Each structure stands twice: as structure tokens, then as C-alpha cells.
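A closer look at the structure
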Amino acid sequence: MAEYPEDLRYLDSHEYVRLDGDIATIGVTEYAVNQLGDIVFVELPEIGDLLTKEDSFGTIESVKAVETLNSPMTGTVVERNDAVIDGPELVTDDPYGEGWFLKVRVNDADELNDALTADQYRALVEGE
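Since the structure is predicted, the reported quantities are computational estimates derived from the model, not experimental observations. (Residues numbered from 1 in each chain as written. Predicted model: local features only at pLDDT ≥ 70, side-chain atom pairs only at ≥ 80, totals over all residues. Heavy atoms only, no water.)

1. Digging into the layout of surface pockets
Approximately 190 Å³ is the volume found for the largest pocket. Around the largest pocket, the lining comprises 14 residues; the ones closest to its centre are Ser13, His14, Ala32, Leu36 and Glu67. Mapped onto the lining of the largest pocket, the elements with two or more residues apiece are helix 1 (30-36) and strand 7 (66-70). When residues of the lining of the largest pocket are assigned to their parent elements, the largest contribution, four residues, is made by helix 1. Split by residue class, the lining of the largest pocket holds seven nonpolar, four polar and three charged. (1 Å grid on protein atoms, 1.4 Å probe; cavity = no way out; pocket = protein on both sides within 12 Å on 5 of 7 lines; lining within 4 Å. Points joined across faces, edges and corners; volume = space filled by probe spheres on them. Helix = DSSP H or I, 4+ residues; strand = E, 2+ residues; numbered from the N terminus. Nonpolar A, V, L, I, M, F, W, Y, C, P; charged D, E, K, R; others polar.)

Listed below in C-alpha cells is the structure:
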């Protein structure tokens, strides 16, 4: 069974956000990883790029499919996890730890108000 950490907020497109002050760490959920299978490629934006809430910011590719990554918040990329580009299996092995994608300085933390809690996300995916 997939894990849904309580300190994260979730999108119905299976991205997660961990907000620490004005820095959001973004990745994909364990549920998404389980659905995709072995991750073979991750494409991410550059440091300094502006993300807009709900817009695409990259792709994740597995042996099964290529999926678009959607931004949960508007802000500027301040850090990119190049380790997942070099070794996409990190996403499969540890999506909430070493397998994160980006750190973004957010413009408005209130944009997370419509994101799902762990319980809401669990109900969404376990009902699929």
C-alpha cells in the first residue's frame, strides 16, 4: 500500500508539495510511481525558471508511459534535483526523500489552499 505523508499537500495529478516557509519542495507521489512502474527519464526546468500554478514544468517517463508534470504553485525554481535526472530510479526508490524534483520560491502560499490533504488524496486514489 502506498504511503501518504501527512506533512504534504497533493494534486489530483499526483504531484506533492512540502512547504517550508516560502520554499516548496515538489515531487511525485508513491502512488504515481507505483502506477508508472520503473522510471527511466525525468525532464525538469532550469534554476531561475518561473513556474505557473497548474502549468506543465516537465515530464516523467517510465517503461509504461510518459506523463506531464504539473506545477502545484507559482514561483521561481531555486534548486533542481539533478540526481533524479542522472539516476531516475531515485524517484522509484524514495519519492518523498531523495527522489524530489524541485525547490521553488513560492509567490503566494495561499495557492496551496485548494490542494488535497493526505486523507483527501488517499480517498481519491484508493477510490480509482
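2. Observations concerning helix 4 (residues 118-126)
Among the residues making up helix 4, those that are buried are Ala118, Tyr121 and Val125. Looking straight down helix 4, one finds that the buried residues subtend no more than 65° of arc, so they occupy a single side. (Buried < 20%, exposed > 50% of the residue type's maximum accessible area, 1.4 Å probe, protein only. Arc of directions from axis to C-beta.)

3. Brief notes about the nonpolar core
Among the nonpolar cores identified, the biggest contains 18 residues, and Val28, Val42, Leu44, Ile60, Val91, Phe101 and Leu102 are the most heavily contacted of them. Mapped onto this core, the elements with two or more residues apiece are strand 3 (23-28), helix 1, strand 4 (39-43), strand 6 (56-62) and strand 9 (102-106). Top contributing element to this core by residue count: helix 1, with three residues. With near-sequence residues (within four places) excluded, valine 91 lies in contact with Val28, Val33, Ile39, Val42, Ile60, Val84, Gly99 and Phe101. (Core = buried A, V, L, I, M, F, W, Y, C linked by side-chain atoms within 4.5 Å. Contact = heavy atoms within 4.5 Å.)

4. Thoughts on the sheet that holds strand 7
Read from one edge to the other, the open sheet built from three strands follows the order 4-6-7, with strand pairing classed as antiparallel. Looking at strand neighbours, the two that pair on one side only are strand 4 and strand 7, the edges of this open sheet. Taken pair by pair, the neighbouring strands of this sheet meet at an average axis angle of 20°, ignoring direction. The pairing of strand 6 with strand 7 spans five bridges and is classified as antiparallel. The residue of strand 7 that forms the bridge with serine 56 is asparagine 70. (Pairing = 2+ DSSP bridges. Axes fitted to C-alpha atoms, helices over the stretch in contact; angles between N-to-C directions.)

5. Concerning the UniProt feature "domain: Lipoyl-binding" (unreviewed entry) in the chain
The feature "domain: Lipoyl-binding" (unreviewed entry), as annotated in UniProt, sits at residues 23-105 in this numbering. With 20% helix and 42% strand, residues 23-105 has its two end C-alpha atoms placed 5 Å apart. (UniProt positions renumbered as here; feature names shortened; annotations may be inferred.)

6. Some details on the UniProt feature "modified residue: N6-lipoyllysine" (unreviewed entry) in the chain
The positions UniProt marks with the feature "modified residue: N6-lipoyllysine" (unreviewed entry) are Lys64. Along the chain, the position of lysine 64 falls in the loop between strand 6 and strand 7. Accessibility expressed as a relative area gives 60% for lysine 64, which makes it exposed. Side-chain polar atoms of lysine 64 contact the backbone oxygen of glutamine 35, separated by 3.4 Å. (Polar contact = N/O pair within 3.5 Å; in protein donor to acceptor, adjacent residues only side chain to side chain.)

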